[in-house]
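Chain and residue survey
Below are the chains, spelled out letter by letter.
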Amino acid sequence: SQTIHQWPATLVQPVGSPLSLECTVEGTSNPNLYWYRQAAGRGLQLLFYSVGIGQISSEVPQNLSASRPQDRQFILSSKKLLLSDSGFYLCAWSVYGLRSPLHFGNGTRLTVT
Amino acid sequence: AQSVTQPDIHITVSEGASLELRCNYSYGATPYLFWYVQSPGQGLQLLLKYFSGDTLVQGIKGFEAEFKRSQSSFNLRKPSVHWSDAAEYFCAVGDGSSNTGKLIFGQGTTLQVKP
């Protein structure tokens, strides 16, 4: 069966520090991968998605970037965090090319101080 | 552009009572629709999905949803709510013509269950 791992679970970082959140998927090949951010009372906002290695699409302009160095690895990064980057970050995967549901990780709670 | 509206930010029901959570979508073609549930501090779990065919779909945990094209709605229902159903519920719509699999989510409805 497929599983998705996301870490760390919680993170407190000072303003201006770098960020790296990692997500890996097991049990499937060539998945679509996604990063969503959830701010309180604002639902889920799609940040990035990827349909293959090295293929990253950004949905909103922001201080963050994403990379997909391997088929089942998706990384969310920032060179310098802002206070507004605080939130709950969720990684998800779906089957490529089909109307597949998204399967979510357990999320990372990021607090920028 | 696709969009999803969940008109109710917060709903409180008594345990054992029936539940209906509303979802309206805006999409030009035939959408594919989902309901997810999220417990505090956790990821989202899929409750049910609609792609085509029978407009009444059954999901896990006793939930069902009905797709009504004329009303652009996909409301979630449960005949008898349990205390463990207290959580946040999200409706989502996807683009069936794209292989990106992107979903657009509503703002969510927080369900509180009174004993």
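Note that the structure is a prediction, hence the values are computed from the model and not measured. Sequence order sets the numbering: in each chain, residues are counted from 1 along the sequence as written. Each chain gets a letter, beginning with A, and each ligand a number, beginning with 1, in the order they are written. Local features in a predicted model are, by the rule used here, given only for residues with pLDDT of at least 70; side-chain atom pairs are given and counted only at 80 or more, and totals for whole chains, interfaces and linings are based on all residues. Computation of side-chain values: all heavy atoms of the structure, hydrogens and water removed.

**Considering the overall build of chain A**
Under the DSSP-based scheme used, a helix requires at least four consecutive residues in state H or I and a strand at least two consecutive residues in state E, with every element numbered from the N terminus. Looking only at helices and strands, chain A features 0 helices and 11 strands. Secondary structure elements of chain A, listed N to C terminal, follow the sequence β-β-β-β-β-β-β-β-β-β-β. In terms of C-alpha radius of gyration, chain A reaches 13 Å, essentially the compact-globule figure of 13 Å for 113 residues. With the C-alpha coordinates aligned to their principal axes, the bounding extent of chain A is approximately 40 × 25 × 20 Å. Buried, partly exposed and exposed residues are distinguished by accessible area as a fraction of the type maximum, computed with a 1.4 Å probe on protein chains only: under 20%, between the cut-offs, and over 50%, respectively. The buried share of chain A, reckoned over its 113 residues, is 49%. Only heavy atoms enter the contact rule, under which two residues are in contact if any of them lie within 4.5 Å. If you take every contact in chain A between residues at least 6 apart in sequence, the share linking residues at least 24 apart comes to 55%. Under the convention used here, a 1.4 Å probe and the Shrake-Rupley method define accessible areas, while residue burial counts only the protein chains that appear. Here chain A has roughly 5200 Å² of accessible surface; of this, 51% comes from carbon and sulfur atoms. Chain A carries 8 positive and 5 negative side-chain charges, and their two centres are separated by 7 Å. For a compact globule the rule gives 2.2 Å times the number of residues to the power 0.38, and the radius of gyration it is set against comes from C-alpha atoms. For this count, His and the chain ends are skipped, Lys and Arg are scored as positive, and Asp and Glu as negative. Here the site of a charge means atom NZ of a Lys, CZ of an Arg, CG of an Asp or CD of a Glu.

**A closer look at the pairing of strand β8 (residues 73-78) of chain A**
All names here are of chain A. Burial within β8 is extensive, with 5 of its 6 residues counted as buried. A pair of strands counts as paired when DSSP detects no fewer than two bridges linking them. As paired strands, strand β3 (residues 19-26) and β8 are joined by 6 bridges and run antiparallel to one another. Residue S20 lies in a different strand from β8, and its bridge partner there is S77. Strand direction decides the pairing type here: strand β7 (residues 65-70) and β8, joined by 4 bridges, are antiparallel. The partner of S65 across the bridge, within β8, is S77. In this antiparallel pair of consecutive strands, β7 and β8, the connection spans 2 residues.

**Describing the interface of chain B and chain A**
Contact with chain B, which involves 22 residues of that partner, is made by 23 residues of chain A. In total, about 1900 Å² of surface goes out of reach between chain B and chain A, with carbon and sulfur atoms giving 55% of it. Throughout this description, the term salt bridge denotes a Lys or Arg side-chain nitrogen within 4 Å of a carboxyl oxygen of Asp or Glu. There are 1 salt bridge connecting chain B and chain A. Of the charged contacts, one joins A:E59 and B:K102 as a salt bridge, the two residues approaching to 3.4 Å between their closest N and O atoms. Those elements giving two or more residues to the side of chain B that touches chain A turn out to be β5 (32-38), β6 (44-50), β10 (87-94) and β11 (103-105) of chain B. Per-element tally for the side of chain B that touches chain A: the top contributor is β5(B), with 4 residues. By buried area we mean how much accessible surface two parts lose on assembly, using a 1.4 Å probe and totalling the loss over both.

**Thoughts on the pairing of strand β1 (residues 3-7) of chain A**
Residues and elements named next belong to chain A. The alternating pattern of β1 places I4 and Q6 on a buried face and T3, H5 and W7 on a face that is not buried. Looking at chain direction, β1 and β3 are connected through 5 bridges and run antiparallel. Across the sheet, Q6 pairs through a bridge with C23, a residue of β3.

**Quick look at the nonpolar core**
Nonpolar core, defined: a set of buried Ala, Val, Leu, Ile, Met, Phe, Trp, Tyr and Cys residues in which side-chain atoms within 4.5 Å join the residues together. Core analysis: the biggest nonpolar cluster contains 27 residues, and B:L19, B:W35, B:L47, B:L48, B:F74, B:L76 and B:Y89 have the highest contact counts within it. For this core, the secondary structure elements donating two or more residues are β2 (10-14), β3 (19-21), β5, β6, β8 (64-68), β9 (73-78), β10 and β12 (109-114) of chain B. The element contributing the most residues to this core is β10(B), with 4 residues. Listed in part, the 20 residues of the second largest apolar core include A:L19, A:A66, A:L76 and A:L81.

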